[in-house]
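# Topology and contacts: notes
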Amino acid sequence: MRRVGVTVAVAGASGYAGGELLRLLIGHPEVELGALAAGSSAGRRVTDVHPHLLPLSGRTFEATGGGLDADVVFLALPHGASAAVADALPTSARVIDLGADHRLTSPEDWAAGYGGAYADPWPYGLPELPGAREQIARATRVAAPGCYPTATILGLAPLITDGLVAPDDIVVVAASGTSGAGRAPKEHLLASQVMGDLWAYKVGGHQHRFEIAQALGIASLSFTPVLAPLPRGLLATCTARLVDPGTTTDQLRSALEKAYGHEAFVHLLAEDDWPHAAAVNGSNACQLQVTADPATGRAAVVSVIDNLGKGAAGQAVQCMNLMLGLPETTGLSVCGVAP
């Protein structure tokens, strides 16, 4: 039965993450779509922007600001734009921010990574972290993690918690599809520029390094993001020095199995089966693999997510389910789409 009276509004509904939210919410059995707000797309038909969302063919985007009264409000807005919108919402509304505005607990980190006015932090919306699920369920405001942090944190957190890797020697190289850069037209995201190429960007200075370090409880890490010629998908390769150089792959796998063996969306693959980014496209899944490299005394973890799924919209819906007291998997799938 559809839960009567639970309405959901989306601000930033014309973007890539907003469109993925709409796709998931259309199929969610317990909620009904309310206001669909956008900035420059206000007044346009939803299907002019998202032609794959045929059930919304009679809807148009509203202006962001008024009309967001709903039981649940998703903010899929550019970084720095969510806090003002959230402040205008009634305290009774459950609000989930897909932007960075409420993720960081340090004003100094916010200034270094984003700049502008600092907003108070909200509970961090990564349910698989210890204690997070209960905190999210009690909250009326939740900050959904970024895509790079989600993939990296899920891969490394159990190894750090169990004392298997050194928290002061972590290196991450992660490749993301172009949808992670948003929908706004940019010359470097033109198909003729992206196809057949890979390039690193913001090396040593990407804003997500603060969020990753905060969630992992470490001081810093080396983080290099790479733009990949994919519409969606993210693969993170995370290495860390082993505390005991004799640590085996089986010991590393045991830590991940202990952390995620009961989880619906995070899966440790069979040994020697390495993750493929395309395998999780369209899903809320994260797939992991780990190995010990005795030649270097390091652990290597590879994780994949859909940057618009578990890295954005899917994770936000997962948080909503917890906040509404619904089964966490409602309206979400671990199965990707292929080819």
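Residues numbered from 1 in each chain as written. Predicted model: local features only at pLDDT ≥ 70, side-chain atom pairs only at ≥ 80, totals over all residues. Heavy atoms only, no water.

## What about the overall build of the protein?
Heads up, the rule is: Put simply, DSSP H or I for four residues or longer makes a helix, DSSP E for two residues or longer makes a strand, and each gets a number counted from the N terminus. Under the scheme applied here, a residue whose accessible area is under 20% of the maximum for its type counts as buried, over 50% as exposed, and between as partly exposed, the area being computed with a 1.4 Å probe on protein chains only. Contact criterion: two residues are considered in contact whenever any of their non-hydrogen atoms come within 4.5 Å of each other. Computed with the Shrake-Rupley method and a 1.4 Å probe, the accessible areas treat only the protein chains shown as cover for residues.
When you go through the protein residue by residue, the secondary structure sums to 10 helices and 13 strands. The buried share among the 339 residues of the protein stands at 53%. Considering only intrachain contacts with a sequence separation of at least 6, the fraction spanning at least 24 residues in the protein is 69%. With an accessible surface of roughly 13900 Å², the protein has 55% of that area assigned to carbon and sulfur atoms.

## A word on the environment of Val 72
Within the secondary structure, Val 72 is located in strand S4 (residues 72-75). By relative accessible area, which is 1% here, Val 72 ends up buried. Val 72 sits 41 residues away from Val 31 along the chain, and the two C-alpha atoms are 9.3 Å apart. For Val 72, the residues in contact, after removing those within four places along its chain, are Thr 7, Val 8, Ala 9, Arg 94, Ile 96, Met 320 and Leu 324.

## Regarding unusual backbone geometry
The omega angle of the peptide bond from Ala 338 to Pro 339 is 0 degrees, so this bond is cis rather than trans. Positive phi, close to 45 degrees, is recorded for Lys 202, a residue that is not glycine. Given the relative accessible area of 45%, Lys 202 is considered partly exposed. Despite not being glycine, Asp 272 has its phi angle at roughly 75 degrees, a positive value. Tracing the backbone through its elements, the reader meets Asp 272 in the loop between strand S11 (266-268) and strand S12 (286-293). What makes Asp 272 exposed here is its relative accessible area of 65%.

## Points about the pattern of salt bridges
Put simply, the rule is: Each reported salt bridge corresponds to a side-chain nitrogen of Lys or Arg within 4 Å of a carboxyl oxygen of Asp or Glu.
Across all of its chains, the model carries 13 salt bridges by this definition. Glu 20 is the partner of Arg 232 in a salt bridge, and the nearest nitrogen-oxygen pair spans 2.9 Å. Separated by 212 residues along the polypeptide, Arg 232 in the loop between strand S9 (222-227) and strand S10 (234-242) and Glu 20 in helix H1 (residues 16-26) bring together distant segments of the chain. Take Glu 20: its relative accessible area is 4%, and that puts it in the buried class. Three or more residues are tied together by salt bridges with common partners; here these are Glu 20, Arg 23, Arg 232 and Asp 306.

## With respect to the sheet that holds strand S3 (residues 62-63)
So the rule is basically this: Any two strands with at least two DSSP bridges between them are considered paired. The angle between two axes is taken between their N-to-C directions and runs from 0 to 180 degrees, where each axis is a line fitted to C-alpha atoms and a helix contributes only its stretch in contact.
With respect to topology, six strands assemble into an open sheet ordered S3-S2-S1-S4-S5-S6, the strand pairing being parallel. At either margin of the open sheet sits one strand with a lone partner, and together these are S3 and strand S6 (141-143). Direction of pairing for strand S5 (residues 94-97) relative to S6: parallel, over a ladder of three bridges. Within the sheet, the bridge partner assigned to Ile 96 lies in S6 and is Val 142. On the sheet, helix H10 (residues 309-324) packs against strand S1 (7-11), S4, S5 and S6 and is oriented at approximately 160 degrees with respect to S5.

## Some remarks on a negative patch on the surface
Threshold: Residues enter patches when they are more than 30% accessible in relative terms and free of salt bridges; like-charged ones are connected within 9 Å and nonpolar ones (Val, Leu, Ile, Met, Phe, Trp, Tyr) within 5 Å. Only four residue types enter the tally: Lys and Arg on the positive side, Asp and Glu on the negative side; His and the chain ends are excluded. Taken as the charge centre is NZ of Lys, CZ of Arg, CG of Asp or CD of Glu, depending on the residue.
A contiguous patch of negative charge on the surface is contributed by Asp 250, Glu 271, Asp 272 and Asp 273. Residue placement: Asp 250 occurs in helix H9 (residues 249-260).

## Considerations on the side chain of His 208
By the element assignment, His 208 lies in helix H8 (residues 208-216). For His 208, a relative accessible area of 7% puts it in the buried group. Leave out the neighbours within four places in its chain, and His 208 touches Arg 103, Tyr 114, Gly 146, Cys 147, Tyr 148, Pro 149 and Phe 223.

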